[in-house]
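Take a look at the letters that make up each chain.
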Amino acid sequence: MAGMITQVRPVGRDGTSVRIGALAPLTPPGWTEAGRHLLAGMELAVREVNDAGGILGKPLELIVRDTAADPDRAVAAVEELAGLGVAALAGEYHSVVARAAAGRADALGLPFLCSSAVLDALTDGPTDHVARLPPAQSRGWRLYADHLLDAGHRRIAVAAQPSLYWASGTRILRDHLAPHGGSVVELDLSTLDPTAVCDELAAQQATALLLLAGHPEPVVSLVRAVRRDRRLGHVLIGAPAGQPEFATWAAALGDDGAGVPFLRYLPERLGPLGARVEPALRERLAEAPSFVAFEGYDAVVVLAELLRAHGTDRARTAEAWPRIEAEGTRGQIRFSRAPGISVWQWTWAPIQVVDRDPAEPGRFRVLRTG
C-alpha cells in the first residue's frame, strides 16, 4: 500500500507547514482496527491544532505511513520521513515494529513520540530522542498479574505466538507470579492448534489461559474452542494486550467474548478535554473510540506543545521532553526517566484491567486500576 498524506489548509501567509510523520498499521497483517483508531485520533488533533492557529502561525501537516506490522517497513518509513523533513514522528501500535522505528529514529536524531507500544526495551540503550505515552509493559502486566492472583489464579497457561513482545510479557508474568506461588505454562501456538491447546489446559490443570497471539486469528478460534470444551468451564480466558477493546472482537465472538480481562490505558473518568474529544472521535470513527484513539490524539497534542515551545530544530526538540507539560485527554502529561526504561516516559499514564460484562457484552467493567 502506498504511503498516505493527510493535507491541511495553510494557516501561515507563506503556505509552508510544519510536518510530523505518523506510523500506523493500516493494512494486514497489522492490526488495522487499532491503526484506524490511532490515525483518527491523530487527524482530529491536527485539525484542532490548525483551527487554533497551527504551530507558530504555520499549519501542522500529518504525513502518514502504513507499517503493516512490518519492522523493516517501519524502518524504511522512518528514513523516508526524515528525508521529507518532518520535525518529529508519532504513532505505531505494534511493540516490535515501534522498537524498530524507535531505533532508527534515534540513530537519525529524529524525535519520536511512541503513542501506543509498551515494550520496555523500546531502544537498545538510553536515548533523548524517543519518548512514550503508554506505560511500560512491565508496569501494566504486573498489575494484570496482581488481578489474576487476587482472583485466585496460581496456575496460568499462556498460548503464545513467537514474538519478542509475547516473550517479554510471559517473562514479566512468570517473575511476578513466582514469589506468590504462581506458575506459568507456555503453550506454543506454532505447534498447537486450538484442540491441542484445550487438551494441554486440561492436562496441566491451569485455571487461566492468556491469549498472547494475533487477532482475529488464532485468538477467535482459541476462545471458541475453550468455551465449548466441557472440561474447561472453570478456566478464565484473558487477553492482556487488549484485543477485547475493539468492536471486531465483540462482532466475532458475541457472548463468548465477554468476561475476558484485558489492559487498557484510560482513567476511570475522562477529564474535561477527554469528555470534549470523545464525541468527536465517536463521530469520526462511527463507533465508540478505543483507548488507542485517545493515544493518537494525545500524541499530536504533546508534539504540538513541544514544537510551539522549542521550534522545529530536531536537536532542540529532542532535549525538551522533560520540560514539556501538556493537557491530554487522559490526564496531565509530563515525561521523566523511569527505572529500567531507556526512553522518556509518561510515568503515570492510567491503567485499567477491564472486561466486557457477561450480562451485557457491549458494556465494559473496570476490574482494577493502577
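Our subject is the structure listed above.
Just so it is clear, the model here is predicted, and its values are computed rather than measured. Counting of residues starts from 1 at the beginning of each chain's written sequence and follows it residue by residue. Restriction of local features to residues with pLDDT of at least 70 applies here, the model being predicted, together with a cutoff of 80 or more for giving and counting side-chain atom pairs; totals for whole chains, interfaces and linings are based on all residues. Remark: hydrogens and water are excluded; side-chain values derive from all non-hydrogen atoms of the structure.

Draft legend 1. Spotlight on the pairing of strand β2 (residues 18–24). For the exposure calls, accessible area comes from a 1.4 Å probe over protein chains only, and a residue counts as buried if that area is under 20% of its type's maximum, exposed if over 50%, partly exposed in between. Strands are runs of DSSP state E lasting at least two residues, helices are runs of H or I lasting at least four, and both sets are numbered from the N terminus onward. Counting buried positions along β2 yields 6 of 7 residues, so the element is predominantly enclosed. The pairing criterion for strands is at least two bridges between them, as found by DSSP. For β2 and strand β3 (residues 60–66), the ladder comprises 7 bridges, and the chain directions are parallel. Opposite I20, over in β3, you have L62 as the bridge partner. After leaving β2, the chain enters helix α1 (residues 32–51) and then returns to the sheet as β3, a path that is right-handed. Place the viewer so that the strands point away; then a crossover is right-handed whenever the path from the first strand over the helix to the second strand goes clockwise.

Draft legend 2. A look at the packing of aromatic side chains. Working definition: rings of Phe, Tyr and Trp (its six-membered ring) pair if their centres are within 6.5 Å, and the pair is stacked with planes under 30 degrees apart, edge-to-face with planes over 60 apart, and tilted otherwise. Tallied over the entire structure, the rule returns 7 aromatic pairs. Taking 4.9 Å as the distance between ring centres and 50 degrees as the angle between the ring planes, the aromatic pair formed by Y165 and W166 counts as tilted. In terms of burial, Y165 and W166 fall into one category: buried. Among the aromatic residues, ring-to-ring pairing joins W31, Y93 and F246 into one connected group. Ring-over charges, as used throughout, are those where CZ of Arg or NZ of Lys falls within 6 Å of the ring centre and within 35 degrees of the ring normal. It is R264 that lies over the ring of F364; its NZ or CZ is 4.9 Å from the centre. Over the ring of W344 we find R337, and its NZ or CZ is 4.1 Å from the ring centre.

Draft legend 3. Structural context of the layout of surface pockets. The calculated volume of the largest pocket comes to roughly 700 Å³. In this structure, the largest pocket is lined by 31 residues; those nearest its centre are W31, Y93, H94, W166 and G214. Those elements that place two or more of their residues in the lining of the largest pocket are α1, α3 (95–108), α5 (164–177) and α10 (291–310). With 3 residues, the top contributor of residues to the lining of the largest pocket is α3. Side-chain classes follow a simple rule in which Ala, Val, Leu, Ile, Met, Phe, Trp, Tyr, Cys and Pro form the nonpolar group, Asp, Glu, Lys and Arg form the charged group, and the remainder, Gly included, forms the polar group. Here the residues of the lining of the largest pocket are counted per class, giving 18 nonpolar, 11 polar and 2 charged. Here the term cavity refers to a set of points on a 1 Å grid, laid over the protein atoms alone, in which a 1.4 Å probe fits but cannot get out; the term pocket refers to an open set having protein on both sides within 12 Å along at least five of seven lines, with lining residues being those that place an atom within 4 Å of a point. Grid points are joined across faces, edges and corners, and a volume is the space filled by probe spheres set on the points. One number sums up the size of the second largest pocket: a volume of about 370 Å³. The wall of the second largest pocket is formed by 20 residues, among which R264, L266, A288, P289 and F364 lie closest to the centre. Broken down by secondary-structure element, the contributors of at least two residues to the lining of the second largest pocket are α9 (272–285), β15 (352–357) and β16 (360–369). For the lining of the second largest pocket, the class distribution of residues is 10 nonpolar, 3 polar and 7 charged.

Draft legend 4. Layout of the packing of α1 against α10. Orientation is described by lines fitted to C-alpha atoms, with helices fitted over the stretch in contact, and by angles between N-to-C directions that extend from 0 to 180 degrees. Contact geometry for α1 and α10: axes closest at 7 Å, N-to-C directions at 35 degrees. As α1 runs across α10, the sense of the crossing is right-handed. In contact with A34, H37, L38, G41, M42, L44, A45, V46, E48 and V49 of α1, α10 contributes V292, A293, G296, Y297, V300, A304 and R308. Within the contact of α1 with α10, the residues separate by chemical class into 12 nonpolar, 3 polar and 2 charged. The sense of a crossing depends on the near helix, which, turned anticlockwise from the far helix by less than a right angle, makes the crossing left-handed and, turned clockwise, makes it right-handed. By definition, residues are in contact when any of their heavy atoms lie within 4.5 Å.

Draft legend 5. Structural view of the pairing of β3. Counting buried positions along β3 yields 7 of 7 residues, so the element is predominantly enclosed. Side-chain alternation along β3 places L60, L62, V64 and D66 on one buried face and E61, I63 and R65 on a second face that is also buried.

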